[in-house]
Amino acid sequence: MSGLRLVAERTGDGTGQPFLDTNNDEELMHVQPGTAIVLGNRTPESPGTLYITSKQVVWLSDTDRSKGYAVDFISVSLHAVSRDPEAYPDPCLYTQIDNGVEDDESEGSTDEGDESSDLSRITELRLVPSDPSQVDALFQIFCECAELNPEPIEEEEEEHNWIFSSDQLENEEAEEEESEWMISQNSTHSIGRSNGDHDLAHNVLQLQINDQRFEDAEEMDSDSKNGHH
């Protein structure tokens, strides 16, 4: 599931950390207590604890043990440090989430509503540590974890084979030359071929044509002068 999601389960009878997918080598990378979370333009949640793993970002409320949010790093399309008071009053880590929903259906700036139905539409969140000096450290950890979760290559891109053999290149050049340059079969020299540079061939051919026209013009001019004497 892409985008932001609810997390309710915790280790230790609901009083501890989030469950990790150890079967897929998920590891806990960092714990940041006293961190508030802001979803879109909603009001900040009561401070909780931020858990950053090698696979996801998990925030668990300290006051409501049944409330928590998580997003996979593969869905985090952007993260940046924000210290602009006009954007948000406190220094925070700003993130954008790719939720797989069309832009006109997303709710990066929605009012608070039915959380279970609207949560997957959230495209922005802010993580606000109680200690502003921790923002840069959070950013660095996000960078490291993002490198562990590169964006998958789409199948369409994999299907394109942009590597050609020398035989394929020679065949392609031969076809282009045959269709673009109708050279007489009696010609014993190739015209201006420089590593398949058809522009050069065209320029040399055009130069020869111009030379022939120039010679014809000289002959006509010479004949006309002879006719006057």
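Please refer to the structure placed before this passage.
Residues numbered from 1 in each chain as written. Predicted model: local features only at pLDDT ≥ 70, side-chain atom pairs only at ≥ 80, totals over all residues. Heavy atoms only, no water.

Engineer: Residue-level account of the packing of aromatic side chains, with values.
Structural biologist: Considering all chains together, one arrives at 2 aromatic pairs under this definition. With centroids separated by 5.9 Å and ring planes inclined at 20°, the aromatic side chains of W59 and Y69 adopt a geometry described as stacked. Of this pair, W59 sits in strand β4 (residues 56–61) while Y69 sits in strand β5 (residues 68–72), and the two are 10 residues apart along the sequence. No difference in accessibility class separates W59 from Y69, as the two residues are buried. (Phe/Tyr/Trp six-rings, centres within 6.5 Å; stacked < 30°, edge-to-face > 60°. Helix = DSSP H or I, 4+ residues; strand = E, 2+ residues; numbered from the N terminus. Buried < 20%, exposed > 50% of the residue type's maximum accessible area, 1.4 Å probe, protein only.)

Engineer: Describe the pairing of β5, naming the residues involved and giving the relevant values.
Structural biologist: Here β5 lies mainly inside the structure; 4 of its 5 residues are buried. Judged from the 2 bridges that link them, strand β1 (residues 5–6) and β5 form a sheet pairing that is antiparallel. The residue bridging R5 from the neighbouring strand is A70, located in β5. Here β4 runs beside β5; their pairing, made up of 5 bridges, is antiparallel. In the sheet register, L60 faces β5, and the bridge partner there is G68. The turn joining β4 and β5, which pair antiparallel and follow one another in sequence, is formed by 6 residues. (Pairing = 2+ DSSP bridges.)

Engineer: So, the pattern of salt bridges: which residues are in play, and what are the values?
Structural biologist: Within this structure, the stated rule accounts for 3 salt bridges. In this structure, K67 engages E45 in a salt bridge whose closest nitrogen and oxygen atoms are separated by 3.3 Å. Residue K67 is located in the loop between β4 and β5, and its partner E45 is located in the loop between β2 (28–39) and β3 (48–53); the two are separated by 22 residues in the primary sequence. The exposure class of E45 is buried, given its relative accessible area of 17%. (Salt bridge = Lys/Arg side-chain N within 4 Å of Asp/Glu carboxyl O.)

Engineer: Quick rundown of helix α3 (residues 135–148)? Include the residues and the values.
Structural biologist: Its 14 residues give α3 an end-to-end C-alpha distance of 20 Å, which sits within 8% of 20 Å, the value for a rise of 1.5 Å per residue. Restricting attention to buried positions, one finds in α3 the residues V135, L138, I141, F142 and C145. Across the axial projection of α3, the buried residues extend over an arc of 120°, all falling on one side. Structurally, α3 contributes buried residues whose contacts are with β2, β3, β4, β6 (76–82), β7 (92–97) and β8 (124–129). (Expected span 1.5 Å × (residues − 1). Arc of directions from axis to C-beta. Contact = heavy atoms within 4.5 Å.)

Engineer: Provide a residue-level description of the nonpolar core, including the pertinent values.
Structural biologist: By size, the foremost hydrophobic cluster in this structure holds 21 residues, and its most contacted members are L4, L39, I52 and L127. Top contributing element to this core by residue count: α3, with 4 residues. Leave out the neighbours within four places in its chain, and L39 touches L4, E45, Y69, L119, I122, E124 and L125. (Core = buried A, V, L, I, M, F, W, Y, C linked by side-chain atoms within 4.5 Å.)

Engineer: Could you give an account of empty space enclosed by the protein, with specific residues and numbers?
Structural biologist: Under the criterion given, the structure shown has 1 cavity of 30 Å³ or more. Taken as a whole, the largest cavity holds about 50 Å³ of empty space. L4, I37, L50, V57, V58, W59, Y69, A70, V71, L125 and L127 are the residues that line the largest cavity. Taken together, the elements giving at least two residues each to the lining of the largest cavity come down to β4, β5 and β8. Its residues placed into classes, the lining of the largest cavity shows 11 nonpolar, no polar and no charged. (1 Å grid on protein atoms, 1.4 Å probe; cavity = no way out; pocket = protein on both sides within 12 Å on 5 of 7 lines; lining within 4 Å. Points joined across faces, edges and corners; volume = space filled by probe spheres on them. Nonpolar A, V, L, I, M, F, W, Y, C, P; charged D, E, K, R; others polar.)

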